[in-house]
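Results of the structural survey
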Amino acid sequence: LWMAGEYIRRDSVQRVAERCAPYVIAAGLMNAKQLADRRAWFEAVVTHEKERIRTYSELPARIAYLFVADEDLVYSEDAEKNARKHAGRCATLEAFENWLKSALDQGSSTQQLRDGAKQFQTEHKLKTPELLQPLRCALSGHASGPDTFEVIGWLGRERSLRRLELARQRLA
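Residues numbered from 1 in each chain as written. Predicted model: local features only at pLDDT ≥ 70, side-chain atom pairs only at ≥ 80, totals over all residues. Heavy atoms only, no water.

1. Things to note about the pattern of salt bridges
In total, this model carries 18 salt bridges according to the counting rule given. Asp70 is the salt-bridge partner of Arg159, the closest N and O atoms lying 3.1 Å from each other. Taken together, the residues span a long stretch of sequence, with Arg159 in helix α11 (residues 157–170) and Asp70 in the loop between α5 (59–63) and α6 (77–84) at a distance of 89 residues. Residue class for Asp70 comes out buried when judged on its relative accessible area of 12%. Within this structure, Glu6, Arg9 and Arg10 form a network of salt bridges that share partners. (Salt bridge = Lys/Arg side-chain N within 4 Å of Asp/Glu carboxyl O. Helix = DSSP H or I, 4+ residues; strand = E, 2+ residues; numbered from the N terminus. Buried < 20%, exposed > 50% of the residue type's maximum accessible area, 1.4 Å probe, protein only.)

2. Thoughts on empty space enclosed by the protein
Tallied over the entire structure, the rule returns one cavity of 30 Å³ or more. Quantified by volume, the largest cavity comes out at close to 40 Å³. Surrounding the largest cavity, Leu135, Arg136, Leu139, Ser140, Thr148 and Val151 form its lining. Element by element, the count of residues in the lining of the largest cavity is highest for helix α9 (residues 128–140), at four residues. Class assignment for the residues of the lining of the largest cavity results in three nonpolar, two polar and one charged. (1 Å grid on protein atoms, 1.4 Å probe; cavity = no way out; pocket = protein on both sides within 12 Å on 5 of 7 lines; lining within 4 Å. Points joined across faces, edges and corners; volume = space filled by probe spheres on them. Nonpolar A, V, L, I, M, F, W, Y, C, P; charged D, E, K, R; others polar.)

3. Digging into the side chain of Thr148
Relative to the elements of secondary structure, Thr148 occurs in helix α10 (residues 148–155). There is a polar contact of 3.4 Å between the side chain of Thr148 and the side chain of Arg136. Apart from the residues lying within four places of it in its own chain, the contact partners of Thr148 are Leu132, Leu135, Arg136 and Leu139. (Polar contact = N/O pair within 3.5 Å; in protein donor to acceptor, adjacent residues only side chain to side chain. Contact = heavy atoms within 4.5 Å.)

4. Examining helix α4 (residues 39–49)
Turn by turn, an α-helix covers 3.6 residues, leaving residues three or four places apart pointing in a common direction. By the burial criterion, the buried members of α4 are Trp41, Phe42, Glu43, Val45, Val46 and Glu49. Lining the buried residues of α4 we find α2 (13–26), α3 (32–37), α5 and α10.

5. Some remarks on unusual backbone geometry
Positive phi, normally seen in glycine, also occurs at Lys125, with a value near 55 degrees. Mapping Lys125 onto the fold places it in the loop between α8 (110–123) and α9.

6. Quick notes on the nonpolar core
With 45 residues, the main nonpolar core has Phe42, Leu59, Ile63, Leu66, Phe96 and Leu164 as its most contacted residues. Ranked by residues supplied to this core, first place goes to α2 with six residues. The residues contacting Phe96, other than those within four sequence positions of it, are Ala117, Phe120, Leu131, Leu135, Phe149, Ile152 and Leu164. (Core = buried A, V, L, I, M, F, W, Y, C linked by side-chain atoms within 4.5 Å.)

7. Description of α10
Counting buried positions along α10 gives seven out of eight residues, so the element sits mostly inside the fold. Buried within α10 we find Thr148, Phe149, Glu150, Val151, Ile152, Trp154 and Leu155. Residues of α10 that are buried make contact with α4, α7 (89–105), α8, α9 and α11. Of the residues one or two after α10, Gly156 is the one with positive phi, at around 90 degrees.

8. Comments concerning the environment of Arg163
Residue placement: Arg163 occurs in helix α11. Overall, the relative accessible area of 1% leaves Arg163 in the buried class. For Arg163 and Leu139, which are 24 residues apart along the polypeptide, the C-alpha to C-alpha distance reads 5.8 Å. In contact with Arg163, other than residues within four places in its own chain, are Tyr65, Val68, Asp70, Leu73, Ala138, Leu139 and Leu155. Of the polar contacts made by the side chain of Arg163, one reaches the backbone oxygen of Tyr65; its length is 2.7 Å. Engagement of the side chain of Arg163 in a polar contact is seen with the side chain of Asp70, the distance being 2.8 Å.

Put into structure tokens, the structure is as follows:
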């Protein structure tokens, strides 16, 4: 499997996306028309996941959080443990949700969100894990994975904000 992963990492995003597509369809995450209509979005997701998969069939499980209803997002044990170890997690998520609303309303790019979050972190005197661990848990349910700000872009404004709201309730 190690060698298979090496081939995937060396292959083009387009080819990896093409080869993962049947598995994504079989998992019921997207159909062929949706994949065609959202090709650029799907390739962006694959770009950030191809370093983490060893076989094409692993992709659907890694990206299922993007398709599950926000209320049904399952938090992995590690993600929830990491989020809960920060006493101020709910206040941090609420403040970040408010900041994110404003940033997204202003049309901030992924890079602008990333840079702005660093400033948010400084202003709120937060260490990186104090912000990113509850945030990652809220958005993806995973303890690790693609860049958190890419995930915000993939989920979109409404779903990202909804997941932050739900996380404040679930992590209280």
